[in-house]
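Single-letter residue listing:
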Amino acid sequence: MGKKSRLKRERKEIKKVLFVCTANVCRSPMAERLFARAVDEANLSKKIHSYSAGLSAMDGDNASQNSIDACEELGIDLTDHRSTGLSRTSLQEASAIFCMTESHRALINMYFELPEGYPIFLMREFVEDESKELPDPYGQNIDVYRQCRERMLEAMPSLISWVEKNL
């Protein structure tokens, strides 16, 4: 088998999980890195790749300082994150999309006219407790970012389980 065909096969085998928020500087970068760590801990890192984007992101912005700090408390480095705007290409590459709020999901469906049954969920959709949404912590104090991070961490087991069963 040639190198090209092997690389093409390997790319098909790697599933991509996309996390979407508004500006791609707070929630989705934290979700992307928390999920990457959970994937690594579940020994799925050779099969699953995560990335993030924002519905109204300016390409190249740094993660917010409180997002960096909230992740750093868990030993996760977010300092190299640069924001990316959501595009048709990033959606098409995704095996599954996880949004932070219902409005994100509605806007994605409205802007990009996704086909029926496209795998787009809320990040906390599979968690069996209170609200499924993750409100934007932007501009608030570090405690709000920590709460957001903890609610994301609560969702990780259900996301990993869904990915193992469906991707």
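For the structure, check the block above.
Everything in this summary refers to the structure shown in the same document. Counting from 1, residues in each chain are numbered in the order their sequence is written. Local features in a predicted model are, by the rule used here, given only for residues with pLDDT of at least 70; side-chain atom pairs are given and counted only at 80 or more, and totals for whole chains, interfaces and linings are based on all residues. Values reported for side chains reflect all heavy atoms of the structure, with hydrogen atoms and water molecules removed beforehand.

Looking at helix α2 (residues 27–41)
Stage number 1. Between the first and last C-alpha of α2 there are 21 Å, a value that for 15 residues agrees with the 21 Å anticipated at 1.5 Å per step.
Stage number 2. α2 sits mainly inside the fold: 11 of its 15 residues count as buried.
Stage number 3. Every buried residue belonging to α2 is among R27, S28, P29, M30, A31, E32, R33, L34, F35, A38 and V39, and all of these are buried.
Stage number 4. Working rule for contacts: check all heavy atoms of both residues, and any pair within 4.5 Å makes them a contact. For the purposes of this entry, the term helix denotes a DSSP run of H or I that reaches at least four residues, the term strand denotes a run of E that reaches at least two, and both are numbered from the N terminus. Among the structural elements, β1 (15–21), β2 (48–54), α3 (65–72), α5 (102–112) and α6 (142–166) are those in contact with the buried residues of α2.
Stage number 5. Immediately beyond the C-terminal end of α2, within one or two residues, lies N43, with a positive phi of roughly 55 degrees. Expected span, for any helix, means 1.5 Å times one less than how many residues it has. With a 1.4 Å probe rolled over the protein chains alone, any residue whose accessible area is under 20% of its type maximum counts as buried; one over 50% counts as exposed, and the rest are partly exposed.

A closer look at α5
Stage number 1. Within the sequence span of α5, burial applies to H104, R105, I108 and F112. Each buried residue of α5 lies within a common arc of 100 degrees when the element is viewed along its axis, so the set occupies one face.
Stage number 2. Where the residues of α5 are buried, they touch β1, α2, α4 (88–93), β3 (96–99) and β4 (120–122).
Stage number 3. E113 sits one or two residues past α5 and shows a positive phi near 45 degrees. To be clear, the arc concerns the directions from the helix axis to the C-beta atoms.

Focus on the nonpolar core
Stage number 1. Core analysis: the biggest nonpolar cluster contains 35 residues, and F19, M30, F35, F98, M100, M123 and M152 have the highest contact counts within it.
Stage number 2. Secondary structure elements with two or more residues in this core: β1, α2, α3, β3 and α6.
Stage number 3. Of the residues forming this core, the biggest block, nine residues, is contributed by α6.
Stage number 4. In this structure F98 touches V17, L18, F19, V20, F121, L122, M123, F126, L159 and W162, once residues within four positions along its chain are discounted.
Stage number 5. L18, Y51, L86 and L122 belong to the second-largest nonpolar core, a separate cluster that totals 15 residues. Throughout this description, the term nonpolar core refers to a set of buried Ala, Val, Leu, Ile, Met, Phe, Trp, Tyr and Cys residues connected via side-chain atoms within 4.5 Å.

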